[in-house]
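Descriptive structure summary
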Amino acid sequence: MEIKAITGTIVEIETDAIIVSHYEGAKRTEGDAAAADKALGGAITQLVKQGDIKGKLNEVNIIHSLGRLPASRVVVVGLGKKKELNTNKVRGAAAEACRYLRGKGVANIATGVLGTDAGIKTEDAVQAMTEGALLGLYTFRRYITRQENGFGEIKQLTIVGQEKRPIEKAIERGRIIAGAAIYARDMVNEPGNYMTPTRMAETARQVAKEYGLKVEVFDREKMKELGMGGLLGVSQGSQQPPKFIILSYKGRDSNDIDLALVGKGLTFDSGGISIKPAEHMEDMKGDMAGGASVMGTIMAVAQLKLKINVTALVPATENMPSGSAQKPGDVIIAMNGKTIEVINTDAEGRLILADALSYAVKNGVKAIIDVATLTGACQIALGKITIGAFTNNQPLLDKVVAASKEVGEPTWQMPMFDEYKEMIKSDIADIKNTGNRYGGAITAAKFLEEFVGETPWVHLDLTASDSDKDKGYIVKGATGAPVRTLINVVMGMAKK
Ligand code: ZN
Ligand code: ZN
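In short, a report on the structure. The written sequence of each chain sets the order in which its residues are numbered from 1. In the order they appear in the text, chains get letters beginning with A and ligands get numbers beginning with 1. Owing to the predicted nature of the model, reporting of local features is limited to residues with pLDDT of at least 70; listing and counting of side-chain atom pairs is limited to 80 or more, with chain, interface and lining totals taken over all residues. The side-chain values count all of the structure's non-hydrogen atoms but skip hydrogen atoms and water molecules.

**What about the overall build of the chain?**
Rule in force here: A run of H or I in DSSP counts as a helix once it spans at least four residues, and a run of E counts as a strand once it spans at least two, with each numbered from the N terminus. The quantity called the radius of gyration is restricted to C-alpha atoms. Its globule counterpart is 2.2 Å times the number of residues to the power 0.38. For the exposure calls, accessible area comes from a 1.4 Å probe over protein chains only, and a residue counts as buried if that area is under 20% of its type's maximum, exposed if over 50%, partly exposed in between. Here, residues are in contact when the closest pair of their heavy atoms is within 4.5 Å.
If you tally the helices and strands in the chain, you get 14 helices and 20 strands. For 496 residues, the compact-globule estimate of 2.2 N^0.38 gives 23 Å, and the chain sits close to it at 24 Å. Within the chain, buried positions represent 56% of all 496 residues. Pairs at least 24 apart in sequence give 76% of the contacts found in the chain among residues at least 6 apart.

What follows is the structure in C-alpha cells.
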C-alpha cells in the first residue's frame, strides 16, 4: 500500500472514500467532518441526531455521497470521548476504518489527520495512523492458494494536511516501525516446518545485508566451545540444528554495546519429554516471538539511524522429544558455569536464555532487555493483554514501562523478592529449572536473574504475542508485540 501526503481540503479529493471523524457525545461535527457534512447537505448532523452516529471509539459509519462530493463514500469513524483521546486510540481507529473499507472492496482512501482537534500533534497522529493502517490491514495469506471473493487490497492511502514535509516524515517513521512489527508477525505466523532455527538465521543474514548490520551465527561446534549447555541441552532432541544468532548495530563511534536485546527463539516447543497436551500445541510455533521481536526491533533501529549501539541475541532451537532428548533429572552446565537440574523439559526457554544472557554479560553489555514467551503462569496472572516485566534495576524498568505505555503495549511490573529464589533451589545442582505451581512467572524470572550478574536487566514475559480476534490495529494471529515498545525504549536511550 502506498501512503502519501498532500496538502489541501479533503472534501475536494476525488477518491473511493474519505475518512472523517466524530467524538462521542458531540452534538456538532468538526473540521473535516463539518466540511463533509456541509457538502452532504447536513447528512452527518442528521445521523448524529438520529443516533446512528454515536462517535464511540472505533465505530464506523458509511455515507454514500451520490455525486455531492468528488469522493464516492464518506466514512465517519468514532474517536470516543474527546478528552480521553490518545495516539494509541488514533492508531486503532485508523485501522478499523481501513479494514472496514477493505471489506467494501475499496482501493483508494483519503483521510485528514485524525485527533489534532483533541490536542494530538500532527506528526504523532500521522505516525499513529500510518502504523494503524499498515498493522490493521496486515494479513498472512502466504499458504492460501484459493482466491477469495471480496478479499480486496487497499492500494493507496492519502493523508491530507496543512504541511507536506512533516507529514511525509511521520509517514516514513510510521512505516519503519510498523514494518518492524510486521516482520515479527510474519516470523511468528510462519509454520514451524518453515520457520526453523536455520531459516531464522537466514532471515537474520538477509536483514543484516539489507540494513547494514553485522551478523554472526554460531552452530553446534561453536556453542560447545563456548559451553552453551542450556541451548545444546534443549536442542539435542531435535533433528533441526540449533543456531545462536547475533545481529549488531553500531550507531555511534564506540565499541561499547549500550543495550543487548535477547529474544527466545523456540521455533517449536512440544515440551520435549515433559510433552505438552495436544490441544493448542500448534500455537507453539509462535514460541520464537521474543526472538522475532528483537530482530524486528534492531532492523527498525538501523533504519531510524539511532545514535546507539545495540545487539540482538537470539538462541534458536526446537524442543522435541526423541531418544536423544534431554530428560527430567538431567543436569546441564550453562555458559556462565552454573549447573542446572532440569526438572521439567518444557521449561526450556529459560535454559536457552541462560546462555544468551551469560553471553551478553561476558561481552560487557551495559544493559539487557530480554523478551520471551516464557510462562503460562504469566498469562494466567495478566491475561494476554499485559506483558509481565521483571527487573534487577528499577530505573531501566521504569523506562521500559513508560515506553510501553506510550505505544499502547501495556506492561506491568511483577515482584522479584528473594523468597521466590528458595523455590528453585536444587538438591543436586546450583539451581533447578522449575519451582512448584505457584508464582511460576516469578520463579522463571528469578532463574534468569542468576545469569545476568550485576548488569541492569529487564525481563519481559511476553503474554501478548498473539490474538484470537481482529481489534483495532491488532489482527488475528501474531501481534508483533513488543516491537514498538522496544523501538521506543531504544529511541529514548539513544544520544540525540
Ligand atoms: Zn516449554
Ligand atoms: Zn517454550
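**Section: the environment of M320**
As for its position among the elements, M320 is in the loop between β11 (309-319) and β12 (331-333). A relative accessible area of 27% places M320 in the partly exposed class.

**Brief notes about helix α3 (residues 87-103)**
Quick reminder of the rule: A helix is expected to span 1.5 Å for every residue after the first. Think of a polar contact as two N or O atoms within 3.5 Å of one another; within protein, one of them needs to be a possible hydrogen donor and the other a possible acceptor, and neighboring residues in sequence only count if both atoms come from side chains.
When the terminal C-alpha atoms of α3 are compared, their 25 Å separation across 17 residues agrees well with the 24 Å that a helix rising 1.5 Å per residue should span. A large share of α3 lies buried, amounting to twelve of its 17 residues. Taken as a whole, α3 has its buried residues at V90, R91, G92, A93, A94, A95, E96, A97, C98, R99, L101 and R102. Where α3 begins, the side chain of N86 points an oxygen toward the backbone nitrogen of N88, at a separation of 3.1 Å. One or two positions beyond α3, positive phi appears at G105, with a value near 80 degrees.

**A look at the pairing of strand β6 (residues 156-161)**
Counted only if it meets this: In this analysis, strands are considered paired if DSSP registers two or more bridges between them.
Counting buried positions over the six residues of β6 gives six, a clear majority of the element. Where strand β5 (residues 108-112) lies against β6, five bridges are found, and the strand directions are parallel. When the bridges of β6 are listed, I109 appears paired with L157.

**Digging into the sheet that holds strand β2 (residues 17-22)**
For the record, the criterion: Axis lines are fitted through C-alpha atoms, for helices just across the contact stretch, and the angle between N-to-C directions can take any value from 0 to 180 degrees.
Here six strands make up an open sheet; going across it, the order is β1-β6-β5-β2-β4-β3 and the pairing mixed. This sheet does not close on itself; its edge strands, each paired only once, are β1 (2-7) and β3 (60-64). Ignoring strand direction, the axes of neighbouring strands in this sheet form an average angle of 25 degrees. Looking at chain direction, β1 and β6 are connected through six bridges and run parallel. Across the sheet, the residue bridging to I3 is L157, located in β6. In this fold helix α4 (residues 122-136) packs onto β1, β5 and β6, with an angle of close to 165 degrees to the strand it touches most, β6.

So yeah, pure geometry; function would need other evidence.
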